[in-house]
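Residues per chain are reported as follows:
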Amino acid sequence: MQGADPMTMSRDLIVNLVIFALLVAVAVGAEIAGQGFTVTLATKAAILGLAGVGLNLALGYGGLVSFGHAAFFGIGGYVTGIFASHAANGDPITTLPFTLMGSNEMLGIWPMAMLAAAVAALLIGALSLRTTGVYFIMVTLAFAQMIYYFAISWPRYGGEDGLSFYVRNKFPGLNTLVPIQYFAICAGLLGLALLFTAVVTQSRFGLALQATRQNEQRSTAVGIPATPVRLTAFVLSAMITALAGALYADLNRFVSPSMFSWHMSGEIMVFVILGGVGRLCGPVAGAAVFILLEHLLGPVSDHWQALLGLMLLAIVLFAPGGLIGLVLKALRRADHV
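All of the points below concern the structure found in this document. (Residues numbered from 1 in each chain as written. Predicted model: local features only at pLDDT ≥ 70, side-chain atom pairs only at ≥ 80, totals over all residues. Heavy atoms only, no water.)

## A look at the overall build of the protein chain
Logical step 1: From N to C terminus, the protein chain includes 13 helices and 2 strands.
Logical step 2: By the compact-globule yardstick of 20 Å for 337 residues, the protein chain fits well, its C-alpha radius of gyration being 20 Å.
Logical step 3: Seen through its C-alpha atoms, the protein chain measures out along the principal axes to roughly 65 × 55 × 40 Å.
Logical step 4: A fraction of 77% describes how many contacts in the protein chain between residues 6 or more apart in sequence connect residues 24 or more apart. (Helix = DSSP H or I, 4+ residues; strand = E, 2+ residues; numbered from the N terminus. Rg over C-alpha atoms; globule rule 2.2 N^0.38 Å. Contact = heavy atoms within 4.5 Å.)

So, in C-alpha cells, the structure goes:
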C-alpha cells in the first residue's frame, strides 16, 4: 500500500488475519461440535472468496470491471469435471495431437484448469482491453455468455443438464470426502492466493498496475505500457478464479453451464464490493456474509437476495470501502478516543 503509514498497514494486516482466522475457527469449531454442514458452508465461503480474490486482482487493483469472470470459474469447473469423468470411465479425453487421459488427482487437474483459463483470458483480454469503461464490461460479459451457450449445446458433457462425477478427486495424504480435510485444502489455497496477491500488489508490477488504474496517460508518459500490464493482471486473475471453479466442482461433484452464467459473474463481483474493492480480504468477508445470509434467510423467503441488494446499495452509497472499510474506520475512531 504505497504511501500508507505503518499504523494503517498494521491495522490492515490485523484485520486481514482476523478475517481469515475467523473463517478457519468457524470450520474447526463446527467440526468439534459435529456440525459437518457448517464445515461445508465454511468451505463454500473459502472457495467463493478465492474466486473473489481473483476478480479483485483485476478489479480492485487494476480497475478492470470484468463482468465475465464466470467464464474462468466455469472453465476451472469443467476441466475438473471432464478429467474426473474420463478417469472414471477410462476413455481418453482426446487422442489428437496426443492421447490425453483423465485424472482424479487434484494436483494434476489444478494446473490444467489454470492453464485453460490462462489461454482463454489471454484471448479475451487481448480483445476486450482494446475497449474501456462500459464497453469493456459488455465485451467480457459477451465472451462469458458465448461460453455459457457453448456449454449448453455440448451434449458430450451433459449439455444443459450438466455433468456429475460421484467421487471427489484425490489429494495426497488426505481424504477429500471428509469435510474438514477438504476445507483444509480450500483454506490453504485461499491463504496462498491472498499471500500471492499481497506480494504481487506490492511489487513493481503491482505498483505499475495501480498506476495504470489511477492515471493511464501519466503512467504511459513515464514508460509504463498500460495494455501489457493489464493483460498480465487479467490472466493472473483468471487463473485464480479458475482454481476456485475447480474446487467448487469438487465440492459439489457436479458442474453445469450455470457456472458460466452472468449471475455467477454478478455474485463474484458482489463478494468484492460487499467486502471492499481493493481490500486484500474483502472478497473473503463478502463471500462469508453472502453465504451466511443465504443460509439464514434462504429458508425464510425465496427473496432473501432483496435484503442483500439493500445492504449492497447502502455500502455503495455510504461505505464505498465495504465491510472492511467500515471496520477500519471504526478502529481509527477508537484510536482517537
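The discussion continues.
## Quick word on the packing of helix α10 (residues 262-275) against helix α12 (residues 305-318)
Helices that pack against each other are described as a pair by the angle of their axes relative to one another and the distance between those axes.
Logical step 1: Running from N to C, α10 and α12 cross one another at 45 degrees; their axes reach a closest spacing of 10 Å. Relative to α12, the element α10 is oriented oblique. In this structure, the crossing between α10 and α12 has a hand that is left-handed. Mapping the contact onto sequence places E267, V270, I273 and L274 in α10 and Q305, L308, M311, L312, I315 and V316 in α12.
Logical step 2: Here the contact of α10 with α12 is composed, by residue class, of 8 nonpolar, 1 polar and 1 charged. (Axes fitted to C-alpha atoms, helices over the stretch in contact; angles between N-to-C directions. Parallel < 35°, antiparallel > 145°, perpendicular 65-115°, else oblique. Left-handed = near helix turned anticlockwise from the far one by under 90°. Nonpolar A, V, L, I, M, F, W, Y, C, P; charged D, E, K, R; others polar.)

## Here's the deal with the packing of aromatic side chains
Logical step 1: The final tally for this structure, using the stated rule, is 9 aromatic pairs.
Logical step 2: Considering the side-chain rings of F136 and F234, the 6.2 Å spacing of their centres and the 75 degrees angle between planes classify their relative orientation as edge-to-face. Highlighted residues: F136 in helix α5 (residues 133-152) and F234 in helix α9 (residues 226-252), separated in sequence by 98 residues. With respect to class, F136 is no different from F234; both count as buried.
Logical step 3: Ring centres 5.2 Å apart and planes at 75 degrees place the aromatic pair F271 and F290 in the edge-to-face group. (Phe/Tyr/Trp six-rings, centres within 6.5 Å; stacked < 30°, edge-to-face > 60°. Buried < 20%, exposed > 50% of the residue type's maximum accessible area, 1.4 Å probe, protein only.)

## A word on the packing of helix α2 (residues 36-59) against α9
Logical step 1: At a closest axis distance of 7 Å, the pairing of α2 and α9 adopts a crossing angle of 165 degrees. Classed by the angle they form, the pair α2 and α9 counts as roughly antiparallel. In the crossing of α2 with α9, the sense of the turn from one axis to the other is left-handed. Side by side, α2 and α9 meet where T40, T43, K44, I47, L48, L50, A51, G54, L55, L57 and A58 of the first sit next to A233, L236, S237, I240, T241, L243, A244, L247, Y248 and L251 of the second.
Logical step 2: The class makeup of the residues in the contact of α2 with α9 is 15 nonpolar, 5 polar and 1 charged.

## Concerning the pattern of salt bridges
Logical step 1: Per the stated rule, a full pass over the model turns up 2 salt bridges.
Logical step 2: Note that K44 and E294 form a salt bridge whose closest N and O atoms lie 3.5 Å from each other. Of this pair, K44 sits in helix α2 while E294 sits in helix α11 (residues 282-297); the two residues are 250 residues apart in sequence, bridging distant segments of the chain.
Logical step 3: Note on E294: relative accessible area 28%, which makes it partly exposed.
Logical step 4: Among the ionic pairs, E216 bridges to R230, the shortest N-O distance being 3.3 Å. Placement of the pair is E216 in helix α8 (residues 216-221) and R230 in helix α9, with a sequence separation of 14 residues. (Salt bridge = Lys/Arg side-chain N within 4 Å of Asp/Glu carboxyl O.)

## Let's talk about helix α4 (residues 106-128)
Logical step 1: Under the 1.5 Å per step criterion, the end-to-end length of α4 is 31 Å for 23 residues, consistent within 8% with the ideal 33 Å.
Logical step 2: Within the sequence span of α4, burial applies to M106, I109, W110, A113, A117, A118, A120, A121, I124, G125 and S128.
Logical step 3: Elements that come into contact with the buried residues of α4 comprise α3 (70-89), α5, α6 (179-202) and α9. (Expected span 1.5 Å × (residues − 1).)

## Overview of the nonpolar core
Logical step 1: Judged by nonpolar contacts, the single largest core of 102 residues is most densely connected at F72, F73, F183 and L247.
Logical step 2: At 15 residues, the largest contribution of residues to this core is made by α9. (Core = buried A, V, L, I, M, F, W, Y, C linked by side-chain atoms within 4.5 Å.)

## Here's the deal with the side chain of S265
Logical step 1: The topology assignment puts S265 in helix α10.
Logical step 2: Separated by 3.2 Å, the side chain of S265 and the backbone oxygen of F67 make a polar contact. (Polar contact = N/O pair within 3.5 Å; in protein donor to acceptor, adjacent residues only side chain to side chain.)

## Considerations on unusual backbone geometry
Both trends apply: most residues other than glycine have a negative phi, and most peptide bonds are in trans.
Logical step 1: That bond from L96 to P97 is cis: its omega, -5 degrees, falls within 30 degrees of zero.
Logical step 2: We note that R253 has phi near 55 degrees; this positive angle belongs to a residue other than glycine.
Logical step 3: Structurally, R253 is set in the loop between α9 and β2 (254-255).

## Brief notes about a nonpolar patch on the surface
Logical step 1: Taken together, L307, L310, L313, L317 and F318 make up a surface patch of nonpolar side chains, about 570 Å² in accessible area.
Logical step 2: Locating L307 in the fold gives a position in helix α12.
Logical step 3: For L307, a relative accessible area of 42% translates into the label partly exposed. (Patch = residues over 30% accessible without salt bridge, like charges linked within 9 Å, V, L, I, M, F, W, Y side chains within 5 Å. Areas by Shrake-Rupley, 256 points an atom, 1.4 Å probe, with all protein chains shown as cover.)

## Some words on the environment of L331
Logical step 1: Relative to the elements of secondary structure, L331 occurs in helix α13 (residues 322-336).
Logical step 2: Judged by its relative accessible area of 33%, L331 falls in the partly exposed class.
Logical step 3: Sequence spacing of L331 and R11 is 320 residues, and the spatial spacing of their C-alpha atoms is 8.1 Å.
Logical step 4: With residues up to four places along the chain from it excluded, the contact list for L331 reads R11 and V15.

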